[in-house]
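Structure assessment
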Amino acid sequence: EKEGEIRIIKDGKLLDEKIEGVPKVYTNGQGGLMDIQLHPDYAKNGWIYLTYAKPDGDGGGTVVARAKLQGNGLTNLEELFKAIPTSTSGIHFGSRIVFDGRGYIFFSSGERGKKENAQDLSNHLGKILRLHEDGRVPRDNPFVNQPTAKPEIWSFGHRNPQGLMYNPIQNVI
């Protein structure tokens, strides 16, 4: 749920219990808990990936984290990425997660209501970003060797992408 609660649906019924250990979220306008995806090999490694707006000072920013479910709680929470800059704006956080089956995670970050952010390579806003599944930056990302660009950027110029799809046949987002 947007406010940061993760609920369980079992056999088509919403259970009363809630998942414990969910990180605190920044709920302002469109900000809050945004996406939850199981790792493609979840049955073996148990990783659950989350995007959410994380509180930072008076504002918040989009974060990608992963955790494991043990009993009724999240454990081993790892913050893999935090979009900068953070903002007090309550709009355009993004965010969706997709895996390419080759060890990479792609996710979106909205431009937070300032269109110029999407064209500015010195920030993460208005971008599709790519990391290794453990949070490391791939050496072959398009802007990794540009000193003024954020190395996590895969593509830029996106206003507020709230959906992503991976095509495994053509290997494209």
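Reference entry: report on the structure contained in this document. (Residues numbered from 1 in each chain as written. Predicted model: local features only at pLDDT ≥ 70, side-chain atom pairs only at ≥ 80, totals over all residues. Heavy atoms only, no water.)

Here we look at unusual backbone geometry
Look at the link from isoleucine 84 to proline 85: it is a cis peptide, with omega at 5°. For proline 85, the position within the fold is in the loop between strand E6 (73-82) and strand E7 (97-99). Residue glycine 94 is joined to serine 95 through a cis peptide bond whose omega torsion reads 20°. Inspection of the secondary structure puts serine 95 in the loop between E6 and E7. If you check the backbone angles, arginine 112 has positive phi at about 60° while not being a glycine. Tracing the sequence through the fold places arginine 112 in the loop between strand E8 (104-109) and strand E9 (127-132). (Helix = DSSP H or I, 4+ residues; strand = E, 2+ residues; numbered from the N terminus.)

Some thoughts on the packing of aromatic side chains
Here the structure, examined in full by the defined rule, presents five aromatic pairs. For the ring pair tyrosine 49 and phenylalanine 99, a centre distance of 5.0 Å and an interplane angle of 75° mean the geometry is edge-to-face. Taken as a pair, tyrosine 49 in strand E4 (residues 47-56) and phenylalanine 99 in strand E7 lie far apart in primary sequence, 50 residues in all. Assigned by exposure class, tyrosine 49 and phenylalanine 99 land together as buried. (Phe/Tyr/Trp six-rings, centres within 6.5 Å; stacked < 30°, edge-to-face > 60°. Buried < 20%, exposed > 50% of the residue type's maximum accessible area, 1.4 Å probe, protein only.)

A look at the environment of glutamate 20
When you line up the elements, glutamate 20 lands in the loop between strand E2 (13-18) and strand E3 (33-38). The exposure class of glutamate 20 is exposed, given its relative accessible area of 52%. Along the chain, glutamate 20 and serine 87 lie 67 residues apart, while their C-alpha atoms are 27 Å from each other. Contact partners of glutamate 20, with chain neighbours within four places excluded, come to Asn72, Gly73 and Leu74. (Contact = heavy atoms within 4.5 Å.)

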